Amino acid sequence: MRIIDHLIAGGFAGAESGRTGDVFDPNTGQVQATLRLGDKAALDAAVATAKAAQPGWAAINPQRRARVLFRFKELLEQNMQALAELLSAEHGKVIDDSKGDLLRGLEVVEFCCSIPHMLKGEYSQGAGPGIDVYSMRQPLGIGAGITPFNFPAMIPMWMFAPAIATGNAFILKPSERDPSVPNRLCELMLEAGLPDGILQVVHGDKEMVDAILDHPDIAAVSFVGSSDIAHYVYKRGVAAGKRVQAMGGAKNHGIIMPDADLDAAVSDLVGAAYGSAGERCMALPVVVPVGEETAERLREKLVAAIGTLRVGVSTDRDAQYGPVVTAAHKAKVEQWIQTGVDEGAELVVDGRGFSLQGHEQGFFIGPSLFDRVTPDMRAYQEEIFGPVLQIVRARDFEEALALPSQHQYGNGVALYTRNGHAAREFTQRVQVGMVGINVPIPVPVAYHSFGGWKRSSFGDHNQYGMEGIRFWTKTKLVTQRWPDGGASGDSAFIIPTMG
Ligand code: NAD
């Protein structure tokens, strides 16, 4: 059986705890590798290496740090096909979607290639007599990232690209479900010329996460995963004096106004609800048609579109989506479908019991569609994270606007309309962090930033963009005076002012 190990000090370290985890092939349901689950000793080894390497890395001029990222970008592009296949084989998403996962992460790497420009501070000449003031951004030291299974390439790159570009050392703790691509990314960074110890990977579960949160030499933690764990990570990390950003779960709504281009909206919705088997934090698992007539037309078109979907193995070029990540996750999604039925929602299309010929043990779920879902249902309130779309009917714009605004999650939302005023009103008032207007998955580009509201995000800074640069740096302000030689000799006993 293939062993997946930590990547510490530039080489694989086959150490310690003796605990292991299974990595499955979701297409076949078979175990394909054994993951070594680390403990505090493995983390200590990584931190010691990072501590020795980081000051030298921070002292290199930022342009040279950017050149490593440039070379990494080229290497990633050369290895794209193999990386996408590796990613699909552990996650289950189709190959082209895995390429999207890699490319969206790469866009953040490209953004970070302009790090010399982004580290420039501000300068005020003559802020007082002979006094100039300027600011600079300096790295925090050692940072850590804890990532979810659903984007095993993109989310690690969201974190390590800005952390490393700004002069930090970074330790990645990826998901136990699909750990191979994070290891390959780290290997490619080393091949690109990154010094040993600046990017390392430690594998593990809660034990490793707790060790990271408590480690006195780790200055900052970036987390992406489900909300309860995000909240836990935020509280424990902050209590230990760290800077923490912790992104959580989601339940994104797509609002369909009566004047929307319904065919375009349905095409977008089906992709956003069922793509990647619904395992995206920016998926659209809830659709809110405004008015009964819109609801009836939407439902009819959705049922027809769902009937054309092809679920297949992740190497099937014609499949729209593949299996979910594990048997446990499949059981959880199917349980939520049952909960929806028990709570009185109308199950229009039932994806349970789906079996793919020749892959009967794979973790496949067919597309499901619910109608007449209501806000009091738990199946509506909670994240399902599977290929399940729920129709929640709204009487008017105000009722539709209230649904995502009052939901516990506030990651993304989309509005479909031809009315600019309605779109503007919605954009201003909706209580959600990322808004799409006639765009189903409004993941902002790399030079903006990513982050939800409410229980979708704990902490102050978003991921990537200038927000990422701010998260991974601290500001130093210098007030300097170069007098002309003649000392004034006066002591000041009041707070200095520039008046
Ligand atoms: P998860 O919360 O189960 O795991 C995330 C990380 O936390 C993993 O590295 C895991 O090892 C670790 N972890 C798991 N249990 C833990 C525990 N008890 N204590 C400490 N650490 C623990 O999430 P997942 O299932 O891998 O990913 C799916 C979730 O991530 C969904 O809720 C999804 O919405 C969310 N997500 C959010 C965003 C975002 O930016 N808001 C992006 C992607 C995914």
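All values derive from a computational prediction rather than experimental measurement.

> Lay out the pattern of salt bridges with the relevant residues and their values.
Here the structure, examined in full by the defined rule, presents 33 salt bridges. Of the charged contacts in the structure, one is a salt bridge between Asp-261 and Arg-418, with a shortest N-O distance of 4.0 Å. One end of the pair, Asp-261, is in the loop between β13 (253-256) and α10 (262-274); the other, Arg-418, is in the loop between β19 (412-416) and α15 (420-429), and 157 residues separate them in sequence. Of the residues examined, Asp-261 reaches a relative accessible area of 35% and is grouped as partly exposed. Of the charged contacts, one joins Arg-310 and Asp-316 as a salt bridge, the two residues approaching to 2.9 Å between their closest N and O atoms.

> Talk me through the site of the ligand; I want residue IDs and the actual numbers.
What surrounds the ligand is a group of 29 residues, the closest being Lys-173, Glu-176, Ser-226, Gly-248 and Glu-383. Residue Thr-147 places a main-chain N or O atom 2.8 Å away from an oxygen atom belonging to the ligand. Separating an oxygen atom of the ligand from a side-chain N or O atom of Glu-176 is a distance of 2.6 Å. If the ligand stood free it would expose 840 Å²; the protein chains cover 87% of that surface.

> Pulling in residues and values, what's your account of the domain arrangement of the chain?
When cut into domains, the chain gives domain 1 (2-248 + 456-478) and domain 2 (253-437). Here domain 1 and domain 2 have C-alpha centroids that lie 31 Å from each other. Contacts between domain 1 and domain 2 engage 21 residues on the former and 26 residues on the latter. Three residues stand out in domain 1 for area buried against domain 2, namely Asn-27, Val-94 and Ser-456, and they jointly supply 28% of the buried area on that side.

> Break down the pairing of β13 for me, with residues and values.
Residues of β13 alternate between two faces, with His-253 and Ile-255 on one and Gly-254 and Ile-256 on the opposite face, all of them buried. Where β13 lies against strand β14 (residues 286-289), four bridges are found, and the strand directions are parallel. Bridge pairing in β14 links His-253 to Val-286. For the crossover that starts at β13, traverses α10 and ends in the parallel β14, the hand is right-handed. Relative to β19, β13 is paired through four bridges, and the arrangement is parallel. Within β19, the residue paired with His-253 across the bridge is Val-413.

> Lay out the side chain of Glu-383 with the relevant residues and their values.
Mapping Glu-383 onto the fold places it in the loop between α13 (378-381) and β17 (388-391). It is Lys-332 that comes nearest to the buried, bridge-free Glu-383 among opposite-charge side chains, at 6.3 Å. At a separation of 3.2 Å, a polar atom in the side chain of Glu-383 contacts the main-chain amide nitrogen of Ala-250. Setting aside its immediate chain neighbours within four residues, Glu-383 contacts Gly-249, Ala-250, Lys-251, Trp-336 and Tyr-409.

> How would you explain the side chain of Asn-27 if you had to name every residue and give the values?
Take Asn-27: it is sitting in the loop between β4 (20-25) and β5 (30-36). Looking at Asn-27, its side chain comes within polar contact range of the side chain of Ser-314, at 2.9 Å. Setting aside residues no more than four positions away along its own chain, Asn-27 makes contact with Ser-88, Val-313, Ser-314, Pro-323, His-359, Gly-362 and Phe-364.

> Report on the pairing of β14, specifying residues and quantitative values.
Where burial is concerned, the two faces of β14 agree: the one with Val-286 and Val-288 and the one with Val-287 and Pro-289 are both buried. Looking at chain direction, β14 and β17 are connected through two bridges and run parallel. If you follow Val-286 over to β17, its bridge partner there is Gln-390.

> Summarise the packing of helix α1 (residues 40-59) against helix α8 (residues 206-214); cite the residues concerned and give the values.
Following both chains from N to C, one finds α1 and α8 inclined at 45°, their axes separated by 9 Å at the closest point. The pairing of α1 with α8 is recorded here as oblique in orientation. α1 and α8 meet at a crossing whose hand is right-handed. On α8, the residues touching Lys-40, Ala-42 and Leu-43 of α1 are Met-208, Ala-211 and Ile-212. Residue composition of the contact of α1 with α8, grouped by class: five nonpolar, no polar and one charged.

Reading the values: the criteria
Residues numbered from 1 in each chain as written. Predicted model: local features only at pLDDT ≥ 70, side-chain atom pairs only at ≥ 80, totals over all residues. Heavy atoms only, no water. Salt bridge = Lys/Arg side-chain N within 4 Å of Asp/Glu carboxyl O. Helix = DSSP H or I, 4+ residues; strand = E, 2+ residues; numbered from the N terminus. Buried < 20%, exposed > 50% of the residue type's maximum accessible area, 1.4 Å probe, protein only. Near = heavy atom within 4 Å. Polar contact = N/O pair within 3.5 Å; in protein donor to acceptor, adjacent residues only side chain to side chain. Areas by Shrake-Rupley, 256 points an atom, 1.4 Å probe, with all protein chains shown as cover. Domains from an automatic or database assignment. Contact = heavy atoms within 4.5 Å. Buried area = accessible area lost by both parts, 1.4 Å probe. Pairing = 2+ DSSP bridges. Right-handed = clockwise from strand over helix to strand, strands pointing away. Lys, Arg positive; Asp, Glu negative; His and termini not counted. Axes fitted to C-alpha atoms, helices over the stretch in contact; angles between N-to-C directions. Parallel < 35°, antiparallel > 145°, perpendicular 65-115°, else oblique. Left-handed = near helix turned anticlockwise from the far one by under 90°. Nonpolar A, V, L, I, M, F, W, Y, C, P; charged D, E, K, R; others polar.

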